[in-house]
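Structural features, examined
Here are the chains, one letter per residue:
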Amino acid sequence: QVQLVESGGGLVQAGGSLRLSCAASGRTSSSNYMAWFRQAPGKEREFVASLTWDGSGTYYADSVKGRFTIGRINAKNTVYLQMNSLKPEDTAVYYCVAASSYNWKAGSWGRGTQVTVSS
């Protein structure tokens, strides 16, 4: 089992930046795939970005390409999401997930961190 703790959320004006972090602990060796999802009020949870610890694959949702960057700090078992040029529609609770494959539903999820972008 992997435990995940997200941090870095907050309130920011449109056009601003935030950096989210996800600290992983526990059986991290069993989870090579890491991702960020988000869920806005009244909407379904949606994929934002993912990567693998070995660097073999990085993917982004079309809505965040060119604005968000997912990265990892292997020595700290930490994955981050650098969010630039934020828009009000980026407002959501952001979740970190760790999995042994791209089957995110079967992975371990954090509790989420709130990001609010004001217009």
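Here the structure is shown first, and the text comes after it.
A brief report on the enclosed structure follows. (Residues numbered from 1 in each chain as written. Predicted model: local features only at pLDDT ≥ 70, side-chain atom pairs only at ≥ 80, totals over all residues. Heavy atoms only, no water.)

**Overview of unusual backbone geometry**
- For Asn77, which is not glycine, the phi torsion reads 50° and is therefore positive.
- You can see Asn77 is positioned in the loop between strand E7 (68-73) and strand E8 (78-83).
- In this model, Ser85 sits at a positive phi of 50°, which is unusual for a non-glycine residue.
- Mapping Ser85 onto the fold places it in the loop between E8 and strand E9 (92-99). (Helix = DSSP H or I, 4+ residues; strand = E, 2+ residues; numbered from the N terminus.)

**Considering the environment of Phe68**
- Mapped onto the secondary structure, Phe68 falls in strand E7.
- On the accessibility criterion, Phe68 (3% relative accessible area) is buried.
- Note: C-alpha distance between Phe68 and Gln82 (14 residues apart in sequence) is 5.5 Å.
- Discounting residues that sit within four places of it in the chain, Phe68 has contacts with Arg38, Val48, Tyr60, Leu81, Gln82, Met83, Asn84, Leu86, Asp90 and Tyr94. (Buried < 20%, exposed > 50% of the residue type's maximum accessible area, 1.4 Å probe, protein only. Contact = heavy atoms within 4.5 Å.)

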